[in-house]
Amino acid sequence: CQGLKMDSGGFTVDEFMRTSEPDVFAIGDICAFPSQYGGLTRCEHVDHARKSAAQAVKAAMAVKTEPYKYLPYFYSRIFEYTPEPIAFNFFGDQSGDCHVSARGDKSVGAVWLKDGKVVGALLMGSPGPSPEDAKKLSQLATETPAALDAAAAFSVVGL
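Owing to the predicted nature of the structure, the values given are computational and were not obtained by experimental measurement.

Draft legend 1. Here's a closer look at the overall build of the chain. When helices and strands are counted, the chain shows 3 helices and 9 strands. For the chain, the succession of helices and strands along the chain, N to C, is β-β-β-β-α-β-β-β-β-β-α-α. Taking the principal axes of the C-alpha coordinates as reference, the chain spans close to 55 × 40 × 30 Å. Within the chain, the proportion of its 159 residues that are buried is 40%.

Draft legend 2. View of the sheet that holds strand β4 (residues 40–41). As summarised here, the arrangement of the 4 strands in space is β1-β2-β3-β4, forming an open sheet in which the pairing is mixed. The open sheet has two free edges, formed respectively by β1 (6–7) and β4, since each of these has just one partner strand. The pairing of strand β2 (residues 10–12) with strand β3 (residues 31–34) spans 2 bridges and is parallel. What sits directly across from T12, in β3, is A32.

Draft legend 3. Molecular detail of helix α2 (residues 131–143). Taking 1.5 Å per residue, 13 residues should reach 18 Å; α2 reaches 18 Å between its end C-alpha atoms and fits that length. Residues A134, K136, L137, L140 and A141 constitute the buried set of α2. The arc that holds the buried residues of α2, viewed along the axis, is 160°, so those residues lie on one side. Along α2, exposed side chains directed more than 90 degrees from the buried face belong to P131 and K135. Buried positions along α2 lie against β6 (86–92), β8 (107–114), β9 (117–125) and α3 (150–156). Two residues or fewer past α2, T144 is found with a positive phi of approximately 45°.

Thresholds applied
- Residues numbered from 1 in each chain as written.
- Predicted model: local features only at pLDDT ≥ 70, side-chain atom pairs only at ≥ 80, totals over all residues.
- Heavy atoms only, no water.
- Helix = DSSP H or I, 4+ residues; strand = E, 2+ residues; numbered from the N terminus.
- Buried < 20%, exposed > 50% of the residue type's maximum accessible area, 1.4 Å probe, protein only.
- Pairing = 2+ DSSP bridges.
- Expected span 1.5 Å × (residues − 1).
- Arc of directions from axis to C-beta.
- Contact = heavy atoms within 4.5 Å.

So this is what it looks like as structure tokens:
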């Protein structure tokens, strides 16, 4: 891999996962790709690995496709097989200031605000966010509404 351009600890790729050598592609956690929040970013999660691999395969096979626009997404389940599992979903970017909001006895929410706008959103708790909550979190991080704190941001999408 000598001679390939690197950034942020990964191989720099374009929106089709091509490295500085056009016939070489990089995917998953080894690539630094264009971020919708500006600059290059890396993402070390299975969701990005799968989606960036699909993008690279299409590009390598000369299948016409839209440029890669990835909303970072992280999730996990802890103590999944216990009476009170803990789960979290996070969408977006972790830059900016983190604002936390209690959401009942066993859950918490947080948003990351940059220049007065939401760039990232998290819900965590037991039993954890529902699929409907995850869609609303994704919407929040995608639409980047203006907000002053977590509670105000969550109310924008009905959380």
